[in-house]
2 protein chains.
Amino acid sequence: MVDSSLDRSLEPALYGLMAYRELTAFERLSSDARFSPTLKDRMELARLAVTEYEHFELVRAALLDAGLEPDAAMEPYVDGIDRLHERTRPGDWHESLMKAYVMDALTSDLYAALGTGPEERRLLGDSARALVERVRRMDEQTTWLAQRLQRAIDDDERLAPRLALWGRRVVGESLTQARRLLDRDDVGPLFGGTDARAALLATLTQRHSRRMSALGLTS
Amino acid sequence: MVDSSLDRSLEPALYGLMAYRELTAFERLSSDARFSPTLKDRMELARLAVTEYEHFELVRAALLDAGLEPDAAMEPYVDGIDRLHERTRPGDWHESLMKAYVMDALTSDLYAALGTGPEERRLLGDSARALVERVRRMDEQTTWLAQRLQRAIDDDERLAPRLALWGRRVVGESLTQARRLLDRDDVGPLFGGTDARAALLATLTQRHSRRMSALGLTS
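Please read these numbers as outputs of a predicted model, since none were measured by experiment. (Residues numbered from 1 in each chain as written. Chains lettered and ligands numbered in written order. Predicted model: local features only at pLDDT ≥ 70, side-chain atom pairs only at ≥ 80, totals over all residues. Heavy atoms only, no water.)

Asks: Looking at this model, I keep getting lost on the overall build of chain A. Mind explaining?
Replies: The secondary structure content of chain A amounts to eight helices and zero strands. For chain A, the C-alpha radius of gyration of 17 Å lies close to 17 Å, the compact-globule estimate for 219 residues. The dimensions of chain A, computed from C-alpha atoms along their principal axes, are 60 × 35 × 30 Å. Here the analysis covers contacts within chain A between residues at least 6 apart in sequence; of these, 81% occur between residues at least 24 apart. Carbon and sulfur atoms provide 50% of the accessible area of chain A, an area that totals close to 9,900 Å². Here chain A contributes 31 positively and 37 negatively charged side chains, and the mean placements of these two sets differ by 4 Å. (Helix = DSSP H or I, 4+ residues; strand = E, 2+ residues; numbered from the N terminus. Rg over C-alpha atoms; globule rule 2.2 N^0.38 Å. Contact = heavy atoms within 4.5 Å. Areas by Shrake-Rupley, 256 points an atom, 1.4 Å probe, with all protein chains shown as cover. Lys, Arg positive; Asp, Glu negative; His and termini not counted. Charge placed at Lys NZ, Arg CZ, Asp CG, Glu CD.)

Encoded structure:
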């Protein structure tokens, strides 16, 4: 059933953005995995990285189905996402875990807001919304990251202030990047009008704060 | 059907070795993927890395089926394989491709020699031999690497002498590591007696030389 009122011209942009975000999340996480303190952690982190790759494959398949070249679709988002990664290079394994946790959770919150308003629903078809929902579901992933961070903090009390500081840096850079994305004409409208987007940034910040508090960290 | 003449006490050691080799191959290849010159290459290399991870998962499942802890089984092979990777750190993307090609092909040749002699067949059960065969089949992978290297060499003639030199370094370190493995009491016997192992090292060298010649490189 095709809803003729749909204006789906923004879907390719969204897919390109999601594909590049998932591909880089895979690359960074798998690079950092080998600095894990134990082989058990290495195996877990490798598995999480491969989950990000599987998300990338889902989005890539959607791009190909739409007759689009994945690399061309990703291109507009390369600079922004690369800059974000360059500005948040983890100094060690714990910082790498924290970065993955902050960014994965924030990305999940951002995806959750996609096409949810009455106006924005017209901008995403059912299959696009189903895809976003599939990629967004990384509960298992973020749960593991949160628990592993909690254990590390419990084991070494000197970690807490350092990771709190690092978490603020990562979320600061991530929100800057999120704001730029929301301002873009190609994907911004998928998140609603100006007011909705400002409210979304506030929600992202608030939800991040709650996650940090749950770890006993000052956000 | 259980063959009571089987002495399968070496299988856990073999699985531990294979698991760690595949896990590190995944980590190194995915780390290097992001330095790819184009997004197409990055996507391809990420996919190859994930294939190595899938091999790791197969071996890990076999270890768990045998009631063994994967990390404990891998532990005896960590130092040797880590040292090999440390001594062959690629200076750029092309060296990374060449390293993956040389090592994947050599590993495939090494796996192919497992449990093939009449005596050694008794040391590996059917399921172990089937597992080795599954992990070994990376034709698609090595074909892609060989073609990509060929294209790079054709595009830039200055690459050939540098990659030839690098290939000699990588194979030299790899053969040193292979020789140490063949000398170990835990996995060595799976490759036959002293003469068979010496012959295997010669075969590995010869097959590597043929691959380099096919690329137009002096081995």
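Asks: Whenever I open this one, the relation of the copies chain A and chain B confuses me. Can you help?
Replies: Here the second copy of the chain follows from the first by a rotation about an axis and a shift along it. Once chain A has been moved 0.0 Å along the axis and rotated by 180°, it coincides with chain B to within an RMSD of 0.0 Å. Expressed as an axis order, the relation between the two copies is that of a two-fold axis. Using C-alpha coordinates, one finds that chain A approaches the rotation axis most closely at A:Ser31, a distance of 2.2 Å. Most of the interface of chain A is mirrored in chain B, where 100% of its interface residues are also at the interface. (Least-squares fit on C-alpha atoms with pLDDT ≥ 70 in both.)

Asks: Would you mind going over the nonpolar core with me for this structure?
Replies: Nonpolar side chains tend to gather and get buried jointly when the protein is soluble and globular. Judged by nonpolar contacts, the single largest core of 148 residues is most densely connected at A:Leu45, A:Met98, A:Leu217, B:Leu45, B:Met98 and B:Leu217. Setting aside chain neighbours within four positions, we find A:Met98 in contact with A:Leu149, A:Leu163, A:Trp166, A:Gly167, A:Met212, A:Leu215 and A:Leu217. (Core = buried A, V, L, I, M, F, W, Y, C linked by side-chain atoms within 4.5 Å. Buried < 20%, exposed > 50% of the residue type's maximum accessible area, 1.4 Å probe, protein only.)

Asks: Explain the interface of chain A and chain B here, please?
Replies: Reports of interface size often rely on the accessible area that becomes lost once the parts have come together. Counting residues at the interface gives 28 residues for chain A, matched by 28 residues for chain B. Buried surface at the junction of chain A and chain B, both sides included, amounts to about 2,300 Å², of which 61% is carbon and sulfur. It is A:Arg34, A:Leu39 and A:Met43 that lose the most area in chain A upon contact with chain B, and together they represent 27% of the buried surface on that side. The interface formed by chain A and chain B holds six salt bridges in total. The partner of B:Glu69 in a salt bridge is A:Lys40, and the shortest N-O contact between them spans 3.8 Å. Taken together, the connections running from chain A to chain B amount to nine residue pairs in polar contact (both at pLDDT 80 or more). Among the elements of the structure, α1 (11–33), α2 (39–65) and α3 (70–87) of chain A are those that each provide at least two residues to the side of chain A that touches chain B. It is α2(A) that provides the largest number of residues to the side of chain A that touches chain B, a total of twelve residues. Counted by class, the side of chain A that touches chain B contains 14 nonpolar, three polar and eleven charged residues. (Buried area = accessible area lost by both parts, 1.4 Å probe. Salt bridge = Lys/Arg side-chain N within 4 Å of Asp/Glu carboxyl O. Polar contact = N/O pair within 3.5 Å; in protein donor to acceptor, adjacent residues only side chain to side chain. Nonpolar A, V, L, I, M, F, W, Y, C, P; charged D, E, K, R; others polar.)

Asks: Would you explain the confidence of the model for chain A in this entry?
Replies: Caution is warranted with low-pLDDT regions, since their predicted coordinates should not be read in detail. Taken as a whole, chain A shows an average pLDDT of 91; of its residues, 96% reach a score of 70 or greater. Model confidence for the complex is summarised by a pTM of 0.90, with the ipTM given as 0.87. (pLDDT = per-residue confidence, 0-100.)

Asks: Hey, could you run me through the packing of aromatic side chains in this one?
Replies: Two descriptors summarise a pair of aromatic rings, namely the distance from one centre to the other and the angle between the planes of the rings. Inspection of the entire model under this criterion finds five aromatic pairs over all chains. Consider the rings of B:Tyr53 and B:Phe56, whose centres lie 5.7 Å apart with planes at 45°: the pair is tilted. With B:Tyr53 and B:Phe56 both in helix α2 (residues 39–65), this residue pair falls three residues apart, about one helical turn. Assigned by exposure class, B:Tyr53 and B:Phe56 land together as buried. An aromatic cluster is present here, built from A:Phe26, A:Tyr53, A:Phe56, B:Phe26, B:Tyr53 and B:Phe56 joined pairwise through their rings. (Phe/Tyr/Trp six-rings, centres within 6.5 Å; stacked < 30°, edge-to-face > 60°.)

Asks: What exactly am I supposed to notice about the packing of α2(A) against α2(B) here?
Replies: When two helices pack together, their arrangement is given by the angle between the helix axes and the distance between those axes. Packing of α2(A) against α2(B) brings their axes to within 10 Å, and their N-to-C directions diverge by 130°. The angle between α2(A) and α2(B) places the two elements in the oblique class. Where α2(A) crosses over α2(B), the two elements pack in a sense that is left-handed. Judged by residue contacts, A:Met43, A:Ala46, A:Arg47, A:Val50, A:Tyr53, A:Phe56, A:Glu57 and A:Arg60 of α2(A) engage B:Met43, B:Ala46, B:Arg47, B:Val50, B:Tyr53, B:Phe56, B:Glu57 and B:Arg60 from α2(B). (Axes fitted to C-alpha atoms, helices over the stretch in contact; angles between N-to-C directions. Parallel < 35°, antiparallel > 145°, perpendicular 65-115°, else oblique. Left-handed = near helix turned anticlockwise from the far one by under 90°.)

Asks: Please clarify how the packing of α1(A) against α2(A) should be interpreted in this entry.
Replies: Residues and elements named next belong to chain A. Their axes nearest at 8 Å, the elements α1 and α2 cross at an angle of 160°. In terms of orientation, α1 lies roughly antiparallel with respect to α2. In the packing of α1 onto α2, the handedness of the crossing is left-handed.

Asks: Help me understand the pattern of salt bridges in this model?
Replies: In a structure, side chains of opposite charge can pair up when their charged atoms sit close to one another. All names here are of chain A. Across all of its chains, the model carries 40 salt bridges over all chains by this definition. Residue Arg-148 pairs with Asp-41 through a salt bridge whose shortest N-O separation is 2.7 Å. Residue Arg-148 is found in helix α6 (residues 139–155), and its partner Asp-41 is found in helix α2; the two are separated by 107 residues along the sequence. Residue classification places Asp-41 among the buried positions, given a relative accessible area of 5%. Here the salt bridges share partners, and the residues they tie into one network are Arg-21, Glu-22, Glu-52 and Asp-104.

Asks: What is the right way to read helix α5 (residues 126–136) of chain B from this model?
Replies: Owing to its 3.6 residues per turn, the α-helix brings residues three or four apart onto one side. All names here are of chain B. Those residues of α5 not exposed but buried are Ala-128, Leu-131, Val-132 and Val-135. All buried residues of α5 lie within an arc of 100° about the axis, which places them on one face of the element. Away from its buried face, by an angle of more than 90 degrees, α5 presents the exposed residues Asp-126 and Arg-134. (Arc of directions from axis to C-beta.)

Asks: Looking at this structure, I do not really get the environment of A:Leu149. What am I missing?
Replies: All names here are of chain A. Following the sequence through the fold, Leu-149 ends up in helix α6. Once the C-alpha coordinates of Leu-149 and Ala-160 are considered, the two residues, eleven residues apart in sequence, prove to be 9.7 Å apart. With near-sequence residues (within four places) excluded, Leu-149 lies in contact with His-94, Leu-97, Met-98, Tyr-101, Leu-163 and Leu-215.

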